[in-house]
Amino acid sequence: MTAIASPARPLIDRFGRHISYLRISVTDRCDFRCVYCMAEDMTFLPKKDVLSFEEIEAIAGAFIARGTTKIRLTGGEPLVRRDIMDLVRTLGQRIGHGLDELTLTTNGSQLRKHAQGLFDAGVRRLNVSLDTLDEQRFRDITRRGRLAEVLDGIDAAQDAGLAIKINMVAMRGVNDDEIEPMMAWAHGRGMGLTLIEGMPLGEVGIDRVDCYLPLRELHDTLARRYTLTRLDKQTGGPARYSHVAETGGVLGFITPMSHNFCESCNRVRLTATGQLFLCLGQEDQVNLRDALRDGGLPALDAAMDHAMAIKPKGHDFVIDRSRPAPALGRHMSVTGG
Ligand code: SAM
Ligand code: SF4
């Protein structure tokens, strides 16, 4: 398979959106159990159902050949998959050959071990998820994690030359009092901070209605206290960014609940078992693993065309007492955040 710069058959869906960003969940497993993401007693997929690295590489190659320029590895926790760096190195070799960027979203727990290897493989930026700087609160939110390990991992990643953006799920009554301190901390260390609205994905350990914090409201509150200048930064993701004059850093807002950003959606998500989900908030999917296993690369290519024909226009999350069940039964760790 050769990656080409201007693909003959780019992936364009029926609404004219060009799909150039593939998120790959390399595992549904994780060493944390964040309350908004997983239940305490999660059942994980049998390992035999999970795509092999060869299958992930074949699918990634097929996407790159059709115009995918950005790949993000996620999960579950991508850095807990055994030998994950083998995959990172192989995909890293595609950078400059069709692929512009290979990046990861990680909880940071294994970063000290892998930071230099990630940089050497061509990774330049990471998203690290961190919702609090308070040790006890961190333990409560992650149900497993140790804050010190994550902070140490962030140090190691910065020392290795990786740019970091911190992702913080903003939760009313849980960590909303830390938003400004987290911003000061992140910006003080040259890292961006992006706030995320909690989404109703899967049965978990918190009351999503109580914790839901509309970021539009928060943006307006912060705009009264800080000088926020909207940036036209295009990262291929759904975040809207502002420059904060007082801290000199960048603050992002991901607002899947209060603002629908689907019109510019350029991404699709591959689960650890090879289903291609076409929207984080919808069930539409195509099974790329079966296509590849049963019919090889031609069948994979045809399945990608089918995916473009059925990618939904957008999502419609609702958090509301009258609809107490999660909007989707699927956890974020399955789809790949
Ligand atoms: N384990 C890695 C991590 O935590 O960064 C990668 C996977 S995690 C599912 C990716 C992102 O999804 C994290 O930033 C996490 O905070 C976010 N996330 C998980 N469940 C969520 C939910 N229900 N609503 C909003 N964000 C969620
Ligand atoms: Fe694990 Fe990330 Fe989900 Fe937390 S948000 S449980 S770290 S996959």
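Attention in this report is confined to the structure presented alongside it.

Reading the values: rules and limits
- Residues numbered from 1 in each chain as written.
- Chains lettered and ligands numbered in written order.
- Predicted model: local features only at pLDDT ≥ 70, side-chain atom pairs only at ≥ 80, totals over all residues.
- Heavy atoms only, no water.
- Helix = DSSP H or I, 4+ residues; strand = E, 2+ residues; numbered from the N terminus.
- Buried < 20%, exposed > 50% of the residue type's maximum accessible area, 1.4 Å probe, protein only.
- Contact = heavy atoms within 4.5 Å.
- Areas by Shrake-Rupley, 256 points an atom, 1.4 Å probe, with all protein chains shown as cover.
- Near = heavy atom within 4 Å.
- Polar contact = N/O pair within 3.5 Å; in protein donor to acceptor, adjacent residues only side chain to side chain.
- Nonpolar A, V, L, I, M, F, W, Y, C, P; charged D, E, K, R; others polar.
- Pairing = 2+ DSSP bridges.
- Right-handed = clockwise from strand over helix to strand, strands pointing away.
- Axes fitted to C-alpha atoms, helices over the stretch in contact; angles between N-to-C directions.
- Salt bridge = Lys/Arg side-chain N within 4 Å of Asp/Glu carboxyl O.

1. Considerations on the overall build of the chain
Then comes step 1: Within the chain, the secondary structure is distributed over ten helices and twelve strands.
Then comes step 2: Put simply, the chain has 337 residues, and 55% of those count as buried.
Then comes step 3: The contacts of the chain with a sequence gap of at least 6 include a subset with a gap of at least 24, amounting to 73%.
Then comes step 4: Total accessible area computed for the chain in this model is approximately 14300 Å², and 49% of it derives from carbon and sulfur atoms.

2. What to know about the site of ligand 1
Then comes step 1: Close contacts around ligand 1 come from 19 residues, with Tyr36, Gly76, Thr105, Ser129 and Met199 the closest.
Then comes step 2: Contact between ligand 1 and glycine 76: a nitrogen atom at 3.0 Å from a main-chain N or O atom of the residue.
Then comes step 3: Between ligand 1 and threonine 106, the relevant distance is 3.2 Å, taken from an oxygen atom to a main-chain nitrogen or oxygen of the residue.
Then comes step 4: Here ligand 1, which alone exposes 540 Å², has 95% of that area covered by the protein.
Then comes step 5: Here the residues of the shell around ligand 1 are counted per class, giving six nonpolar, ten polar and three charged.

3. A short note on the site of ligand 2
Then comes step 1: Every residue close to ligand 2 is listed here: Cys30, Phe32, Arg33, Cys34, Cys37, Met38, Gly76 and Asn107.
Then comes step 2: For the shell around ligand 2, a count of residues per class yields five nonpolar, two polar and one charged.

4. Side note on the pairing of strand 4 (residues 125-129)
Then comes step 1: Where strand 3 (residues 101-106) lies against strand 4, three bridges are found, and the strand directions are parallel. When the bridges of strand 4 are listed, threonine 106 appears paired with valine 128.
Then comes step 2: Handedness of the strand 3-helix 3 (residues 111-120)-strand 4 crossover: right-handed.
Then comes step 3: Bridge count for strand 4 against strand 5 (residues 163-170) is five bridges, and the pairing is parallel. Pairing of leucine 126 across the sheet is with isoleucine 164, part of strand 5.

5. A word on the sheet that holds strand 11 (residues 275-277)
Then comes step 1: Here twelve strands make up an open sheet; going across it, the order is 7-8-9-6-5-4-3-2-1-10-11-12 and the pairing mixed. The open sheet terminates on both sides in strands that have one partner only, identified here as strand 7 (228-231) and strand 12 (285-287). On average, each strand axis in the sheet is inclined to that of its neighbour by 25°, with strand direction left out of account.
Then comes step 2: Here six bridges tie strand 5 to strand 6 (residues 192-197), and the two strands are oriented parallel to one another. Its bridge partner lying in strand 6, valine 169 is registered against isoleucine 196.
Then comes step 3: Together, strand 10 (267-270), strand 11 and strand 12 form the strand contacts of helix 9 (residues 288-310), whose direction differs from that of strand 12 by roughly 160°.

6. What to know about the pattern of salt bridges
Then comes step 1: The full count for this structure, using the stated rule, is 21 salt bridges.
Then comes step 2: Its salt-bridge partner being arginine 66, residue aspartate 301 comes within 3.3 Å of it at the nearest N-O pair. In this pair, aspartate 301 sits in helix 9 while arginine 66 sits in the loop between helix 1 (53-65) and strand 2 (70-74), placing the two residues 235 residues apart along the sequence.
Then comes step 3: Residue classification places arginine 66 among the buried residues on the basis of a relative accessible area of 6%.

7. Quick look at the environment of leucine 104
Then comes step 1: Assignment of secondary structure puts leucine 104 in strand 3.
Then comes step 2: For leucine 104, a relative accessible area of 0% puts it in the buried group.
Then comes step 3: Every residue in contact with leucine 104, bar those within four places of it in the chain, is listed here: Arg72, Leu73, Pro78, Leu79, Leu118, Val123, Arg125, Leu126 and Asn127.

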